[in-house]
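# Reading the structure
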Amino acid sequence: MRNYLVAGNWKMNTTRASAVELAAGVKAGVQDHPRVEVLVCPPFPYLSAVADVLRGSKIRWGAQNAWHEKPGAFTGEVALDMLQDLGCTHVILGHSERRHILHESDDIIGRKVDAVISAGLTAILCVGELLAEREANQTESVLNRQMAAGLANVSASQTASLVVAYEPVWAIGTGKTATPEQAESAHLHLRNWLGSRYTSQIGEQVRILYGGSVKAANARELLGQPNVDGALVGGASLKAADFLGIIQGACEQVA
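Quick summary incoming for the structure in this document. No experiment lies behind these values; they were computed from the predicted model shown. (Residues numbered from 1 in each chain as written. Predicted model: local features only at pLDDT ≥ 70, side-chain atom pairs only at ≥ 80, totals over all residues. Heavy atoms only, no water.)

## Things to note about the overall build of the protein
The number of helices and strands found in the protein is 11 helices and 8 strands. On C-alpha atoms alone, the protein measures out to a radius of gyration of 17 Å, which is about the 18 Å that the 2.2 N^0.38 rule sets for 255 residues. Principal-axis analysis of the C-alpha atoms places the extent of the protein at approximately 45 × 45 × 35 Å. Per-residue burial over the protein gives 53% buried out of 255 residues. Long-range pairs, those at least 24 residues apart, make up 73% of the contacts in the protein between residues at least 6 apart in sequence. For the protein, the accessible area works out to roughly 11100 Å², and carbon and sulfur atoms hold 51% of it. With 22 positive and 25 negative side-chain charges, the protein shows a spacing of 3 Å between the two charge centroids. (Helix = DSSP H or I, 4+ residues; strand = E, 2+ residues; numbered from the N terminus. Rg over C-alpha atoms; globule rule 2.2 N^0.38 Å. Buried < 20%, exposed > 50% of the residue type's maximum accessible area, 1.4 Å probe, protein only. Contact = heavy atoms within 4.5 Å. Areas by Shrake-Rupley, 256 points an atom, 1.4 Å probe, with all protein chains shown as cover. Lys, Arg positive; Asp, Glu negative; His and termini not counted. Charge placed at Lys NZ, Arg CZ, Asp CG, Glu CD.)

If you want it as structure tokens, here you go:
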């Protein structure tokens, strides 16, 4: 049985002081549940400070991105060795903001996924379609392309270190949310894709999160779908009470 994962992507937000305060608030209010895992991904400059707050708790911390090469002459990039040194366990890769604003290619994302998993960390591979692609009935073909490129070098055994996040681009930061039925349809497609690419067992084992304007008010219904295994939360993860409400929604599913 798959455990839930509720992950907070703080994006390019917080100061050191507010990051520490937010981490402390989540730590103080989170419900300890054996089947609900919690992860926060602060901006790079505050990872160390957040780690100091969370160390010793069951809350994990991760990064919003990483470079796929070993440490060296890559100005402005962050190596996996550095993230491991800070105790990071997960790395978000292929987020739509990196795909569509910073123009990361499918190939680069695939290299990053390979590097993250090979380093012993868990890769959260984000996939999702634009509004125009959904309206043109291209959702599944877009997901197929992104999954094939992102997992091109990932073996069956390495999928134990993989999480997939379905994030329809039209629902990220817009206030629009995929209906539970839309989310479930995309998640089922992704699970079937994994089963076809690897094995049916792997298809059933890999966790698939939903992301896109998730909040406490809609978390329970979204997380109640059979193939939705948690949430990758943006704006609502920036307030402890809001994020805790989503975590509570996950806990209620396995109460």
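Structure's up, so let's keep going.
## Some points on the packing of helix α10 (residues 216-223) against helix α11 (residues 240-253)
It is at 8 Å that the axes of α10 and α11 come closest, and there the two elements cross at 25°. The angle between α10 and α11 places the two elements in the roughly parallel class. As for how α10 packs across α11, the hand of that crossing is right-handed. Of the residues in α11, those in contact with A216, A219, R220 and L223 of α10 are D242, G245, I246, G249, A250, E252 and Q253. (Axes fitted to C-alpha atoms, helices over the stretch in contact; angles between N-to-C directions. Parallel < 35°, antiparallel > 145°, perpendicular 65-115°, else oblique. Left-handed = near helix turned anticlockwise from the far one by under 90°.)

## Thoughts on the side chain of K112
If you trace the backbone, K112 turns up in helix α5 (residues 106-118). Residue K112 is classed as buried on the basis of its relative accessible area, which comes to 2%. Ignoring any residue separated from it by four or fewer positions in sequence, one finds K112 in contact with N65, A66, W67, H68, L93, R98 and E104.

## Quick word on the layout of surface pockets
Roughly 540 Å³ of volume is contained in the largest pocket. The wall of the largest pocket is formed by 22 residues, among which K11, M12, Q64, R98 and L102 lie closest to the centre. The class makeup of the residues in the lining of the largest pocket is 11 nonpolar, 7 polar and 4 charged. Within this model, the second largest pocket holds a volume of roughly 290 Å³. Taken together, 18 residues make up the lining of the second largest pocket; nearest its centre are T159, A160, L162, Q205 and R207. (1 Å grid on protein atoms, 1.4 Å probe; cavity = no way out; pocket = protein on both sides within 12 Å on 5 of 7 lines; lining within 4 Å. Points joined across faces, edges and corners; volume = space filled by probe spheres on them. Nonpolar A, V, L, I, M, F, W, Y, C, P; charged D, E, K, R; others polar.)

## What to know about the environment of A28
Tracing the sequence through the fold places A28 in helix α1 (residues 16-29). Separated by 29 residues in sequence, A28 and S57 place their C-alpha atoms 9.8 Å apart.

## Focus: the packing of aromatic side chains
In the structure shown here, the tally under the stated rule is 2 aromatic pairs. Centre to centre, the rings of W67 and F74 are 6.2 Å apart; their planes meet at 50°, and the pair counts as tilted. Using a relative accessible area of 35% as the deciding quantity, one classes F74 as partly exposed. Aromatic pair Y166 and Y210: ring centres 6.3 Å apart, planes at 55°, arrangement tilted. You can see Y166 sitting in strand β6 (residues 162-166) and its partner Y210 sitting in strand β7 (residues 207-210), a full 44 residues away along the chain. (Phe/Tyr/Trp six-rings, centres within 6.5 Å; stacked < 30°, edge-to-face > 60°.)

## Notes on the pattern of salt bridges
This model, assessed by the stated rule, comprises 15 salt bridges. R191 serves as the salt-bridge partner of D229, at 2.7 Å between the closest nitrogen and oxygen. Of this pair, D229 sits in the loop between α10 and β8 (230-233) while R191 is found in helix α8 (residues 180-197), placing the two residues 38 residues apart along the sequence. A network of salt bridges, in which partner residues are shared, links R2, R191, E204 and D229. (Salt bridge = Lys/Arg side-chain N within 4 Å of Asp/Glu carboxyl O.)

## Comments concerning the environment of Q253
Locating Q253 in the fold gives a position in helix α11. Exposure remark for Q253: the relative accessible area of 27% places this residue in the partly exposed category. Distance in space between the C-alpha atoms of Q253 and N137 is 31 Å, their sequence separation being 116 residues. Looking at Q253, its side chain comes within polar contact range of the main-chain oxygen of R220, at 3.0 Å. (Polar contact = N/O pair within 3.5 Å; in protein donor to acceptor, adjacent residues only side chain to side chain.)

## A look at empty space enclosed by the protein
Counted under the stated rule, the structure contains 1 cavity of 30 Å³ or more. Here the largest cavity defines a volume of roughly 40 Å³. Surrounding the largest cavity, G94, S96, R99, H100, C126, V127, G128, Q146, E167, V169 and I172 form its lining. Looking at the lining of the largest cavity, the element that brings in the most residues is helix α4 (residues 96-100), giving 3 residues. Tallied by class, the residues present in the lining of the largest cavity amount to 4 nonpolar, 5 polar and 2 charged.

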